[in-house]
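Below are the chains, spelled out letter by letter.
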Amino acid sequence: VASGNNLFVAVGEQGRIATRAANGNWNTETSGTAQHLNRVAFIGNQFWAVGDAGTVLVGNSSGKNWAPVAGVGATNALYAVAGTNDYIVLAGDHEVRLQAGGGTWTDEIGGNASAPAPNWTYYSASWQGTLHFIAGRSGMMLEGIKTNAASPTLWTQRQAPIRNWLWDLLRLPNFYVAVGDRGTVMTSAAGVDWELELVPDAATNSVLLGLGGTTNGLVAAGSGGSILFSP
C-alpha cells in the first residue's frame, strides 16, 4: 500500500490495483497485467508499481490510469521501487535497475563497472535525500551514491552483515548470547544491537549448536566435538 495525493493505492496478486479515495470507497482499477504486483510507491506526482517477471507500471496521481514502463530490461521479480522523478531505483530477485534524469535504464549489477551492486535478492528500497538504500536477503544492505551528476552510482556496503545461521540463544541477567554456524558467537546488552565475538581459530569452521551456563561461565558445544568455554 502507498499513499499520495489524498488517496491510498494497494497492489497485489494477478495485477490487482485498488484505490481508496477520501470518501472511503475502494475501487478496482485496470492494470493491464496479470503478473503479481509486489510493491507500490508514490514518487513525485505519480504512482509506481513493480512485480513479477520484471513488471513495472506507472500510474497518474489519481491512481486510475496505468501504463507499462518500457526499456527497464528486468526479467526477474521486482520487490522494491524508490527515488525521485529524476532518480529511480528498482530492486528485486538479482535485479537492480536505475534511471537518472529520465534517461535509459542501467543494470546496476551487470552493467555498472565502477562499483556494482552484488548479485543478490533485494526486498526493500528507500530514498534518503542524497542516496539510495536497498536491502535484501541475509542482511545485505547497500548505499547507492553519486559523487556528481555525471558519475555512475557507487554501491557501497558500509557494514558486512552476519549471514550465518544461529542455532541457540541464551538470556542472562545482564546480556544475551547467540551461537551458530562457522563458530559464530554474538552478544547483546539489550537484544537490539549485537557484537560479534572472537573465537579460537580452530573453532571457526565449527557449527555451534548449543549454549548454556551463567554469568560465571558459558559453554558452547557443536560439530566435530567443539567445546568453547568463556569465564
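Refer to the structure above for everything that follows.
Residues numbered from 1 in each chain as written. Predicted model: local features only at pLDDT ≥ 70, side-chain atom pairs only at ≥ 80, totals over all residues. Heavy atoms only, no water.

J.: I tried to follow a nonpolar patch on the surface on my own but got confused; where do I start?
T.: A cluster of nonpolar side chains, V1, F8 and W26, forms an exposed patch at the surface whose accessible area comes to about 350 Å². Mapped onto the fold, F8 is located in strand 2 (residues 7-11). Residue F8 is classed as partly exposed on the basis of its relative accessible area of 38%. (Patch = residues over 30% accessible without salt bridge, like charges linked within 9 Å, V, L, I, M, F, W, Y side chains within 5 Å. Areas by Shrake-Rupley, 256 points an atom, 1.4 Å probe, with all protein chains shown as cover. Salt bridge = Lys/Arg side-chain N within 4 Å of Asp/Glu carboxyl O. Helix = DSSP H or I, 4+ residues; strand = E, 2+ residues; numbered from the N terminus. Buried < 20%, exposed > 50% of the residue type's maximum accessible area, 1.4 Å probe, protein only.)

J.: What's the story with the pattern of salt bridges in this structure? I'm lost.
T.: Oppositely charged side chains can form a pair if their charged atoms are brought close together. According to the stated counting rule, one finds 3 salt bridges in the structure shown. A salt bridge links K64 to E29; the shortest N-O distance between them is 3.1 Å. Taken together, the positions of K64 in the loop between strand 7 (56-59) and strand 8 (66-68) and E29 in strand 4 (residues 26-29) put the pair 35 residues apart, joining distant regions of the chain. Take E29: its relative accessible area is 12%, and that puts it in the buried class. The residue R158 makes a salt bridge to E143 at a minimum N-O spacing of 2.9 Å. Of this pair, R158 sits in the loop between strand 16 (154-156) and strand 17 (166-171) while E143 sits in strand 15 (residues 141-145), placing them 15 residues apart in sequence. Classification of R158 by relative accessible area gives exposed; the value is 56%.

J.: I tried to follow the sheet that holds strand 2 on my own but got confused; where do I start?
T.: Sheets are built from strands paired through backbone hydrogen bonds, the pairs being either parallel or antiparallel. As summarised here, the arrangement of the 4 strands in space is 1-2-3-4, forming an open sheet in which the pairing is antiparallel. In the strand order of this sheet, the two ends are held by strand 1 (2-4) and strand 4, each with one partner. Averaged over all neighbouring strand pairs, the angle between strand axes comes to 25 degrees, with direction disregarded. For strand 1 and strand 2, the ladder comprises 3 bridges, and the chain directions are antiparallel. Residue pairing for strand 2: A2 is matched across the bridge by V9. (Pairing = 2+ DSSP bridges. Axes fitted to C-alpha atoms, helices over the stretch in contact; angles between N-to-C directions.)

J.: So what exactly am I meant to see when it comes to the packing of aromatic side chains here?
T.: The relative placement of two aromatic rings is captured by the distance of their centres and the angle of their planes. Under the counting rule described, the total for this entry stands at 6 aromatic pairs. A ring pair is formed by F42 and F47, whose centres lie 4.7 Å apart and whose planes are at 55 degrees; its orientation type is tilted. Classification of F47 by relative accessible area gives buried; the value is 0%. Considering the side-chain rings of Y87 and W127, the 5.3 Å spacing of their centres and the 90 degrees angle between planes classify their relative orientation as edge-to-face. With Y87 in strand 10 (residues 87-92) and W127 in strand 13 (residues 122-127), this pair connects stretches of sequence that are 40 residues apart. (Phe/Tyr/Trp six-rings, centres within 6.5 Å; stacked < 30°, edge-to-face > 60°.)

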